[in-house]
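Listed here are the chains, written in short residue letters.
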Amino acid sequence: MSAPPPPIDRAGPRPVDTGMRAAFFLVLTGICAALHIWKLPPALPQLQAQFQLSLVQSGFLLSVVQMGGMALGLPIGLVAERIGLRRCILIGLATLAAASALGAWLDSAAAVLLCRAVEGCGFLMVAMPVPSLIRRLIPPESLSRVMGLWGCYMPLGTVIILLSGSWVLSLGDWRLLWLLLAVLTLGCLLLTLTIVPPDPARGDQPHPATLTLVSATLRSQNVWLVALTFGAYASQWIAVIGFLPTIYIAAGITGTTAGLLTAIVAGVNAIGNLAAGRLLHRGVRAWHLLALGLGTMILCAYAAFGAQLPATAQFLAVLTFSLVGGLVPATLFVLALTLAPSPQTTSTTIGWMQQCSSLGQFVGPPLVAWVVNQAGGDWRWTWVATSALALFGIGLAVQIGRRTRGAG
């Protein structure tokens, strides 16, 4: 006699499974948003030629997308708490799609700059609420590992757009790339409506006062240390990766090959992020990972730009710069969630961290471009600017270590 069939589970997927699935999709949503940030580097030579941009103007074109985050990180954190994290992400995706489509339609350098600034606001509305939403969706014991995966959203987005962007640009101009990304983002918006659970109803529970949330966030020394460290890291990473295609083309490397090499450098950053999540889960102290990542970035920046090594050694140095530097962002995301003054200030803490990150990304490319200009266009002096930023970050990491010494 055959055994009876197993009972059918009619309860549907477990909440934990649903939350993990939504968390993984949110990482994909972050990658989609990152495509808009990094669609510019492969198209920069075309834009420079079309609008007759100088090197410093190109640096501002790279960094203007950070203006929204630089000014609105903390306010958007407050808005997300009021309107709901999921709803904030949906508005951000819609903003990205609209600004990308409009930027492709308008035909002036000023219009492109303006649309890039709007895209920066949309990006922030997507990226800023995700860590808090992931924390709400998954069990605490999985947080560090999933946040390590979230830390990969920017390098993975960079890899995808540098590879696919170079291919699209070989078929058409930069406007085609802008329009394709607008369509992709609309598709991501529709999937978000389906996959990510709606924001919970708040009922009659009173909201914490806005000034109370802002004051609690900005009075926390831990929040400032984490946020400024993120700014120090992001400023040098975006400057090096953002200018790599231009540096390669100036050295006579073709556009497709330049995009591939830059994509490889950006992609290995994801390995560092994943490693940070696992190391934190195993009990390695956060400030050790920060110091290791930033210290390695100093040595590799000098090896890549200042030591006049052979081309292969320079490429390996830049590769290591991004790989080991990847320990920093994932570690800072976990610290932001754990060091927030209260659960109610999680979104504002992430918002302030993103705001300082955006400030660093806004300052980084023009700073490197200015140093290079002062050196007569010699990219070998890039390491001076990036190393100063990394030393500042190491000092902050030491302070984080002192303040979290009893936390394991």
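In the block above lies the structure referred to throughout.
Everything numeric in this text was worked out from a predicted model, so none of it was measured. (Residues numbered from 1 in each chain as written. Predicted model: local features only at pLDDT ≥ 70, side-chain atom pairs only at ≥ 80, totals over all residues. Heavy atoms only, no water.)

## Notes on the packing of helix α11 (residues 210-218) against helix α17 (residues 346-374)
Here is step 1: Running from N to C, α11 and α17 point in directions that differ by 55°, and their axes come no closer than 9 Å. Comparing the axis directions of α11 and α17 gives the class oblique. Crossing of α11 against α17: the hand is right-handed. Residues Leu213, Thr217 and Leu218 of α11 touch α17, and the partners they reach there are Thr348, Thr349 and Trp352.
Here is step 2: By residue class, the composition of the contact of α11 with α17 is 3 nonpolar, 3 polar and no charged. (Axes fitted to C-alpha atoms, helices over the stretch in contact; angles between N-to-C directions. Helix = DSSP H or I, 4+ residues; strand = E, 2+ residues; numbered from the N terminus. Parallel < 35°, antiparallel > 145°, perpendicular 65-115°, else oblique. Left-handed = near helix turned anticlockwise from the far one by under 90°. Contact = heavy atoms within 4.5 Å. Nonpolar A, V, L, I, M, F, W, Y, C, P; charged D, E, K, R; others polar.)

## A word on the side chain of Thr331
Here is step 1: With respect to the helices and strands, the residue Thr331 is situated in helix α16 (residues 327-339).
Here is step 2: For Thr331, a relative accessible area of 0% puts it in the buried group.
Here is step 3: A polar contact of 2.6 Å, which involves the side chain of Thr331, links it to the backbone oxygen of Leu327.
Here is step 4: Not counting the four nearest positions on each side in its chain, Thr331 is found in contact with Ala276, Leu280, Ala286, Leu289 and Leu290. (Buried < 20%, exposed > 50% of the residue type's maximum accessible area, 1.4 Å probe, protein only. Polar contact = N/O pair within 3.5 Å; in protein donor to acceptor, adjacent residues only side chain to side chain.)

## So, the pattern of salt bridges
Here is step 1: In this structure the tally under the stated criterion is 4 salt bridges.
Here is step 2: As a salt-bridge pair, Lys39 and Glu119 come within 2.7 Å of each other at their nearest N and O atoms. Of the two residues, Lys39 is situated in the loop between α1 (15-38) and α2 (40-51) and Glu119 in helix α6 (residues 109-127); the sequence distance between them amounts to 80 residues. Judged on exposure class, the residue Lys39 and its partner Glu119 are both buried.
Here is step 3: Note that Asp199 is salt-bridged to Arg136, the shortest N-O span being 3.1 Å. Here the residue Asp199 occupies a position in the loop between α10 (174-195) and α11, and Arg136 occupies one in helix α7 (residues 130-137), the gap between them amounting to 63 residues.
Here is step 4: Under the relative-accessibility criterion, Arg136 is labelled partly exposed at 39%.
Here is step 5: Taken together, the shared-partner salt bridges in this structure form one network comprising Lys39, Arg116 and Glu119. (Salt bridge = Lys/Arg side-chain N within 4 Å of Asp/Glu carboxyl O.)

## Describing the packing of aromatic side chains
Aromatic rings considered in pairs are described by the distance between their centres and by the relative angle of their planes.
Here is step 1: Enumeration over the complete set of coordinates arrives at 10 aromatic pairs.
Here is step 2: Where Trp224 meets Trp352, the ring centres are 5.1 Å apart and the plane angle is 75°; that geometry is what we call edge-to-face. Here Trp224, found in helix α12 (residues 221-250), pairs with Trp352, found in helix α17; they are 128 residues apart in sequence, far enough to count as distant.
Here is step 3: Given the relative accessible area of 13%, Trp352 is considered buried.
Here is step 4: Ring-pair connections join several aromatic residues into one group, and the members of that group are Phe123, Trp150, Tyr153, Phe230, Tyr233 and Phe333. (Phe/Tyr/Trp six-rings, centres within 6.5 Å; stacked < 30°, edge-to-face > 60°.)

None of the figures reported here should be taken as evidence of function without further support.
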